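Read off the chains here:
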Amino acid sequence: MKTAIILGATGLTGGILLQKLIQDDRYEKIKLFSRKSVNISHPKIEEHLIDMLKLRDSAQDFTADEVFCCIGTTNAKTPDKDLYHKIDYGIPVSAARLCKTNKIKTLVVISALGADAESRVFYNRTKGEMEKAVLEFDIPKTHILQPSLIGGKRVEKRSGEYFFKVLMKIFNPLLIGPLKKYRTIHPETIVSAMIWLANNDFEEKRVLSDKIKAIVKKN
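Notes on the structure in this doc start here.

1. A few points about the sheet that holds strand 6 (residues 141-146)
Working step 1: Ordered in space as 3-2-1-4-5-6-7, the 7 strands form an open sheet in which the pairing is parallel. A strand with exactly one partner marks an edge of an open sheet, and here the two such strands are strand 3 (45-49) and strand 7 (206-208). For this sheet, the mean angle separating the axes of adjacent strands, direction not counted, is 15°.
Working step 2: With 5 bridges joining them, strand 2 (residues 27-34) and strand 3 adopt parallel strand pairing. Among the inter-strand pairings, L32 is bridged to a residue of strand 3, identified as E47.
Working step 3: Sheet strands in contact with helix 2 (residues 81-101) are strand 1 (2-7), strand 4 (66-69) and strand 5 (106-110), and its direction is about 175° off that of strand 5.

The structure is reproduced here in structure tokens:
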């Protein structure tokens, strides 16, 4: 029986992950670190409502077998680039640092397709810098998922993203061969891959969107 930590359980993917771990008999405790409650009562859940930008202050409680990081914001939600960087870069890197300090051997992080520390695009560069920093901690079992545009209904409205999702429904069938990785991916697929990666041997540290789908389809 294992203990898992979820960062970002109030989001779309993190919420689905929480539900799946509640139903998974391999997990006896699920620690949630977030700034607001998920408002779910369950014997497995242990909530820690904190300032996520000060995650390191929770080092004493940050103990588990596995850490799942589902943190991510958007330009529309967080227009301030400094705050954006503190969230998308700072929180996952702080989580990796705590994993190293507390000897947590499994860390699974959601990044994004196109992440590149050398990119001129702020979003892609931030994700790329985060990936590089996380991997430098050399957590024994680290997997960084790089999904394409994530489908599914979100609580908050993202008009630009919604429009792009509509377009992708049309173009998805046209994306074949090397372009398949750009097809929309469902959050349930990402979550299933995250759980599988945490519980099975897999050599690749970075897992692109099409490989995420292949893992779920195969298993």
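Further notes follow.
2. Some thoughts on helix 6 (residues 209-218)
Working step 1: Among the residues of helix 6, those classed as buried are S209, I212 and I215. For helix 6, the buried positions fall inside an angular range of 120° around the axis, keeping them on one side. Opposite the buried face of helix 6, at more than 90 degrees from it, the exposed residues are K217 and K218.
Working step 2: The elements touched by buried residues of helix 6 are strand 6, helix 5 (187-199) and strand 7.

3. Some remarks on the packing of aromatic side chains
Working step 1: Tallied over the entire structure, the rule returns 4 aromatic pairs.
Working step 2: Ring geometry for Y84 and Y123: centres 6.4 Å apart, planes at 75°, overall edge-to-face. A residue pair is termed long-range when its members are at least 10 positions apart, and Y84 in helix 2 and Y123 in helix 3 (residues 122-136) qualify at 39 residues.
Working step 3: Classification of Y84 as buried rests on a relative accessible area of 1%.
Working step 4: Pairing W196 with F202 gives two aromatic rings, centres 6.1 Å apart and planes at 80°, and the pair type is edge-to-face.
Working step 5: Exposure remark for W196: the relative accessible area of 21% places this residue in the partly exposed category.
Working step 6: Using a relative accessible area of 22% as the deciding quantity, one classes F202 as partly exposed.

Each value, and the rule that gives it
- Residues numbered from 1 in each chain as written.
- Predicted model: local features only at pLDDT ≥ 70, side-chain atom pairs only at ≥ 80, totals over all residues.
- Heavy atoms only, no water.
- Pairing = 2+ DSSP bridges.
- Helix = DSSP H or I, 4+ residues; strand = E, 2+ residues; numbered from the N terminus.
- Axes fitted to C-alpha atoms, helices over the stretch in contact; angles between N-to-C directions.
- Contact = heavy atoms within 4.5 Å.
- Buried < 20%, exposed > 50% of the residue type's maximum accessible area, 1.4 Å probe, protein only.
- Arc of directions from axis to C-beta.
- Phe/Tyr/Trp six-rings, centres within 6.5 Å; stacked < 30°, edge-to-face > 60°.

This is a description of form; function is not addressed.
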